[in-house]
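Coordinate analysis (summary)
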Amino acid sequence: NEARRMGIEVLPPDINESYSDFTVVGNSIRFGLSAIKNVGVNVIEEIEKERKKGGKFKSFSNFCERIDNNVLNKKTIESLIKSGTFDSLGQSRKYLMENFEKIVEAAQKLKMDRERGQFSLFDMGAILETGGIKKDSIEEIRDKTKKDKTNQGRAGQVGNGLAMFKDDSEEYPQRKLLNFEKEMLGLYVSGHPLLEYKEVLSELCMIENLYEREDRSTQIVGGVITRIKSIFTKDGKLMYFVNLEDVTDSVEVIVFPTVLEKYKEFLIENKIVKVKGKLDKKEDQIKIIASEIEELSRAGGKYGNGFNGSGYFNSNTHTEVTYKEDVNIVGENQARAKTKNETKSESKSFRKII
């Protein structure tokens, strides 16, 4: 959000362009590989070393053939795929998620065969071009390869990648791709799930404007739920601390037991909702004490289906919330502080480069 307000484009991580840390590319910022969840120093060093040695990766299978499998694991590859790191190689994230294990296995087997001196017909052509095999021995090897059923079965698995794996699949829906980015990077990069709700959100109070509103005033905000923390009150009742984010900022929404019981079905991470509640301002911190919650609709009239013409929820859905419930919270301040610190930690490296 800070970069967007400053007119700075944030570029997603790229297997051929990203380094360990965030880098400045013209008027843009390129995501660093170290910001991706489950991607460690060893993997990043291996990627940079191999890229410097052999040039850019031509395909995902080419990446698998060149990177030492000792530094790669399933979680790391999944994280790289979900974050969009391989997008520039021309294969969909859906295809890679569904096939990467097979591709990795085939690439590693091919690498071992090459090390043992076993080659397919396509391998020999490539090696001959680079001077790896003498011309007068090519016919002898070709005859041997034809008799080798294993190699025959692998003919065509090399070149600029494992050609036997073709990307004929469709891509995931845009919303799922954005959720992947949020999961792996801590923020949306290639877009934002709320952009298609721009018109509806313009009728509500944008979160960044809450700082200018009066304390204890009733406000209506909308956004995507990015985090939910649950605790129990002294009475043993469940309540939520919800992080709600729109295109301008984020705010913590406190959902007491009485409200949670009625609107729990809407409180799911990545769900887009609108919230009515009282503004709680303390120094430079703002929170919303929720009284009503509803899924945000792209249409349905002013403010969506749950509101009347005055901009409030229909009275027959109203739930009263008082500050008396605040007394019964177990470890409320600790829970709030922890949530705030976690959010700050995730964005620290990004803010630093801006």
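So, here is what we can say about the structure in this document. (Residues numbered from 1 in each chain as written. Predicted model: local features only at pLDDT ≥ 70, side-chain atom pairs only at ≥ 80, totals over all residues. Heavy atoms only, no water.)

Glancing now at the packing of aromatic side chains. Under the counting rule described, the total for this entry stands at six aromatic pairs. Centre to centre, the rings of Phe22 and Phe31 are 4.7 Å apart; their planes meet at 50 degrees, and the pair counts as tilted. Of the two residues examined, Phe22 and Phe31, each falls in the buried class. Between Phe60 and Phe86, the ring centres sit 5.0 Å apart and the planes meet at 85 degrees, which makes this aromatic pair edge-to-face. (Phe/Tyr/Trp six-rings, centres within 6.5 Å; stacked < 30°, edge-to-face > 60°. Buried < 20%, exposed > 50% of the residue type's maximum accessible area, 1.4 Å probe, protein only.)

A few words now on the pattern of salt bridges. Considering all chains together, one arrives at 13 salt bridges under this definition. Glu245 is the partner of Lys182 in a salt bridge, and the nearest nitrogen-oxygen pair spans 3.1 Å. Residue Lys182 is located in helix H9 (residues 174-185), and its partner Glu245 is located in strand E5 (residues 238-245); the two are separated by 63 residues in the primary sequence. The exposure class assigned to Lys182 is buried, which follows from its relative accessible area of 17%. A residue is classified by how much of its surface remains accessible, and Glu245, at 11% relative accessible area, is buried. Across the salt bridge formed by Lys287 and Glu252, the nearest N and O atoms sit 2.9 Å from each other. Of this pair, Lys287 sits in strand E8 (residues 285-295) while Glu252 sits in strand E6 (residues 250-255); the two residues are 35 residues apart in sequence, bridging distant segments of the chain. Side by side, Lys287 and Glu252 carry an identical accessibility label, which is buried. One connected set of salt bridges, linked through shared partners, spans Asp87, Arg93 and Glu181. (Salt bridge = Lys/Arg side-chain N within 4 Å of Asp/Glu carboxyl O. Helix = DSSP H or I, 4+ residues; strand = E, 2+ residues; numbered from the N terminus.)

To continue, consider the nonpolar core. Ranked by size, the top nonpolar core spans 36 residues in total, and within it Ile47, Phe60, Phe63 and Phe86 carry the most contacts. Put simply, the parts of the chain that give this core at least two residues each are helix H2 (41-54), helix H3 (60-66), helix H4 (74-82), helix H5 (93-116) and H9. Apart from residues lying up to four places away in sequence, Phe60 is in contact with Ile77, Phe86, Leu89, Gln91, Leu96, Phe100, Ile103 and Val104. Counting 23 residues, the second-largest nonpolar core is a separate cluster that includes Leu260, Leu267, Val273 and Ala290. (Core = buried A, V, L, I, M, F, W, Y, C linked by side-chain atoms within 4.5 Å. Contact = heavy atoms within 4.5 Å.)

Before going further, it helps to examine the sheet that holds strand E2 (residues 23-25). Spatial ordering of the open sheet is given by E1-E3-E2, a layout of three strands whose pairing is mixed. Each edge of the open sheet is held by one strand with a lone partner, namely strand E1 (9-11) and E2. Direction aside, neighbouring strands of the sheet carry axes that sit 30 degrees apart on average. Bridge analysis of E1 against strand E3 (residues 28-30) gives three bridges, and the strand direction is parallel. The residue of E3 that forms the bridge with Leu11 is Arg30. (Pairing = 2+ DSSP bridges. Axes fitted to C-alpha atoms, helices over the stretch in contact; angles between N-to-C directions.)

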